[in-house]
Amino acid sequence: MDITEYSYVIVGSGLLGSVTAERIANQLNQPVLVIEKRDHIGGNCYSATDPATGIEYHRYGTHIFHTSNEKVWNYIRRFTSFNTYRHKVLSCYKDRIYPFPINLATINQFFDRNLKPQEVEHFLNTLRQPVKGTPANFEEQAISLLGPELYEAFFKHYTIKQWQVDPRQLPPAIFNRLPFRNNYDDNYFFDRWQGIPEKGYTDLFQRLLADKKIKVLLNTDFFEVRHLLKKDACLIYSGPIDRFFDYKYGKLSWRTLRFEQETVDTEDYQGNSVINFPEADIPYTRIHEPRHLHPEKEYPKDKTIIIREYSLADRGDDPYYPIAAAENQRLLGLYQKEAAQLNNVFISGRLGDYKYYDMHQTIDRALEIFETRILPQTHPIHAV
Ligand code: FAD
Ligand code: UDP
């Protein structure tokens, strides 16, 4: 089938695009065209095998699947099985390693105490700096919950490195992504289910896109082929929303990442899949060691790979993270108003909704779009 003939066109082969494509092909029994500008499927979840060591790694940063959403969990397991990996993160502050996010071990080690769980609340009350009303930003939220010492050590400079803005310009919700525990539970996530796809994320995407009715065009920018597509095709767009409208109200700001990979001649470099570096004078935010993501696999005894992650402002080529500052929210509102007026065009995903979705939230969003918007309609009518 020629690309001019498709009635369902999807931009982006990340989770939003691939799940929607799978639903359209398998539930509507319709041909789907997926347009992807990168040279691979999978969006930011993409995984690959390092040729020198055989270690499976995630090219765009460590991705841990976690969810408490039963519908999403049941859906995604039809395309992959998950290993038993449980995510735990460590933070390296002044050359000492602490469990992170903050739990009782972190507090006892940092303040050289031996507090019991029931003593933590009282102790934190001696550290906390309450703010007037409800905390209005990341810094106020952190200081009102944990006090300035822990904030300075583990959050402030890491957040500045990661977001390149003053934490007072970030919403409290970003801080709230992290759990706090007054016991020794060092799991990163609260969720009911978690793990890493046993055969990697790319295998999961291959299965999502396996139906013969799905055609994937790699290395193709939607905006360069848009004029060739059927005018009344149903369009699901998971690229940046400001780009879709040709930046008519101005550019949203994004953050991107740079990764530096190194092969090291040792079996285990750091003893954990991720170690965070919250100090200002260390330029990277974290070091990933992907071999730890697959404890079930046999990997070399003399080699490992490590990946240093650097955060930087996006200059328009590879946006990863929306930046939830007030001006961006204003622009987003204008773009969303335009988007709501389009018929048969659905703009969504991390880049399309300009939202900090985790994978399970992106899958949920794709299923919702399919079930509530695409499935009920029978006659696509809007121009691409
Ligand atoms: P993406 O994966 O970004 O896919 C969008 C796709 O659209 C891309 O492939 C892009 O190339 C393509 N595209 C854009 N514009 C065009 C165009 N004009 N033409 C053609 N193609 C185009 N979630 C978790 O649950 N757990 C984690 O541990 C986790 N870790 C993360 C770590 C990092 C560093 C990042 C950035 C995200 C992480 N996430 C994690 C979130 C997860 O990556 C997202 O939820 C998910 O990838 C969003 O899928 P998406 O399809 O919306 O976007
Ligand atoms: N954060 C921090 N110190 C850390 C890890 C995270 O201050 O060691 C902050 C940072 O601002 C981050 C937020 O907490 O954006 C949420 O953390 P999460 O791990 O959810 O962020 P992600 O890696 O998904 O961006």
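Scroll up to find the structure.
Nothing here was measured: the structure is a model prediction, and the numbers come from that model.

Enquirer: How do you make sense of the overall build of the chain when you look at a structure like this?
Expert: Check the secondary structure of the chain and you find 13 helices and 16 strands. Taking 384 residues into account, the globule formula puts the C-alpha radius of gyration at 21 Å, and the chain, at 22 Å, falls close to it. Taken along its principal axes, the extent of the C-alpha atoms in the chain is 70 × 55 × 35 Å. By residue count, 54% of the 384 residues in the chain fall in the buried class. Of the contacts made within the chain by residues no fewer than 6 positions apart, 73% connect residues no fewer than 24 positions apart.

Enquirer: Would you take a moment to explain the sheet that holds strand β7 (residues 96-100) for this structure?
Expert: Note: strands within a sheet are paired through backbone hydrogen bonds, in either parallel or antiparallel orientation. Pairing is mixed across the open sheet formed by seven strands, whose spatial order is β7-β6-β12-β13-β14-β11-β15. Strands with a single pairing partner mark the edges of an open sheet, and in this sheet they are β7 and β15 (321-322). As paired strands, strand β6 (residues 89-93) and β7 are joined by five bridges and run antiparallel to one another. The residue bridging Cys92 from the neighbouring strand is Ile97, located in β7. Sitting on the sheet, helix α3 (residues 104-111) touches β6 and β7, and the angle it makes with β7 is about 150°.

Enquirer: What is the right way to look at the packing of α3 against helix α4 (residues 117-127) in this model?
Expert: Pairs of packed helices are described in terms of their axes, by the angle between the two and the distance that separates them. Viewed as axis vectors pointing N to C, α3 and α4 meet at an angle of 55°, and their least axial separation amounts to 11 Å. Classed by the angle they form, the pair α3 and α4 counts as oblique. In the packing of α3 onto α4, the handedness of the crossing is left-handed. The residues of α4 that touch α3, namely those facing Leu104, Ile107 and Phe111, are Pro117, Val120, Phe123, Leu124 and Leu127.

Enquirer: Looking at this model, I keep getting lost on the sheet that holds strand β2 (residues 32-35). Mind explaining?
Expert: Ordered by their spatial adjacency, five strands build an open sheet running β9-β2-β1-β10-β16, and the pairing between neighbours is parallel. Each end of this open sheet is capped by a strand with a single partner; those strands are β9 (214-217) and β16 (345-347). Across the sheet, the mean angle separating the axes of adjacent strands is 15° when strand polarity is ignored. Relative to β9, β2 runs parallel, the two sharing four bridges. Looking at β9, one finds that Ile35 is bridged to Leu217. Contacts between helix α13 (residues 359-374) and the sheet are confined to β1 (8-11), β10 (234-237) and β16, with β16 contributing the most and set at about 155° to the helix.

Enquirer: I'm lost on the site of ligand 2 in this one. Help?
Expert: Near ligand 2, the surroundings consist of 16 residues, among which Gln162, Arg177, Tyr188, Asn276 and Tyr356 are the closest. Contact distances for ligand 2 include 2.8 Å between an oxygen atom and a side-chain N or O atom of Gln162. At 2.5 Å, a side-chain N or O of Tyr188 approaches an oxygen atom of ligand 2. For ligand 2, whose accessible area on its own is 520 Å², the fraction buried by protein is 94%. At six residues, helix α6 (residues 148-163) tops the list of elements feeding residues into the shell around ligand 2. In the shell around ligand 2, the residues fall into eleven nonpolar, three polar and two charged.

Enquirer: Any chance you could explain the packing of aromatic side chains here in plain terms?
Expert: What characterises a pair of aromatic rings is the spacing of the ring centres plus the angle enclosed by the ring planes. Considering all chains together, one arrives at 31 aromatic pairs under this definition. One aromatic cluster is present, built from ring pairs that chain together Tyr93, Tyr98, Phe100, Phe110, Phe111, Phe123, Phe138, Phe154, Phe155 and Phe175. In this arrangement the basic side chain of Arg243 is found over the ring face of Phe223, its NZ or CZ atom lying 3.7 Å from the centre. Directly above the ring of Trp163 sits Arg255, whose terminal nitrogen or CZ lies 4.2 Å from the centroid.

Enquirer: When you look at the site of ligand 1 in this model, what are you seeing that I'm missing?
Expert: Close to ligand 1 lie 34 residues; Glu36, His63, Ile64, Tyr357 and Met359 are nearest. The separation between an oxygen atom of ligand 1 and a polar side-chain atom of His63 is 2.7 Å. Separating a nitrogen atom of ligand 1 from a backbone N or O atom of Phe222 is a distance of 3.0 Å. Protein chains bury 96% of the 1,000 Å² of accessible surface belonging to ligand 1 in isolation. Elements that contribute at least two residues to the shell around ligand 1 include exactly α1 (15-27), α9 (222-225), α12 (349-352) and α13. The element that contributes the greatest number of residues to the shell around ligand 1 is α12, accounting for three residues. Here the residues of the shell around ligand 1 are counted per class, giving 16 nonpolar, twelve polar and six charged.

Enquirer: Sorry if this is basic, but what is going on with the environment of Leu33 here?
Expert: Along the polypeptide, Leu33 turns up in strand β2. In sequence terms Leu33 and Leu127 are 94 residues apart; their C-alpha atoms lie 56 Å from each other. Setting aside residues no more than four positions away along its own chain, Leu33 makes contact with Ile3, Tyr6, Tyr8, Val9, Ile10, Lys215, Leu217 and Leu229.

The rules behind each value
- Residues numbered from 1 in each chain as written.
- Chains lettered and ligands numbered in written order.
- Predicted model: local features only at pLDDT ≥ 70, side-chain atom pairs only at ≥ 80, totals over all residues.
- Heavy atoms only, no water.
- Helix = DSSP H or I, 4+ residues; strand = E, 2+ residues; numbered from the N terminus.
- Rg over C-alpha atoms; globule rule 2.2 N^0.38 Å.
- Buried < 20%, exposed > 50% of the residue type's maximum accessible area, 1.4 Å probe, protein only.
- Contact = heavy atoms within 4.5 Å.
- Pairing = 2+ DSSP bridges.
- Axes fitted to C-alpha atoms, helices over the stretch in contact; angles between N-to-C directions.
- Parallel < 35°, antiparallel > 145°, perpendicular 65-115°, else oblique.
- Left-handed = near helix turned anticlockwise from the far one by under 90°.
- Near = heavy atom within 4 Å.
- Polar contact = N/O pair within 3.5 Å; in protein donor to acceptor, adjacent residues only side chain to side chain.
- Areas by Shrake-Rupley, 256 points an atom, 1.4 Å probe, with all protein chains shown as cover.
- Nonpolar A, V, L, I, M, F, W, Y, C, P; charged D, E, K, R; others polar.
- Phe/Tyr/Trp six-rings, centres within 6.5 Å; stacked < 30°, edge-to-face > 60°.
- Lys NZ or Arg CZ within 6 Å of the ring centre and 35° of its normal.

By themselves, these are just geometric observations and shouldn't be taken as functional.
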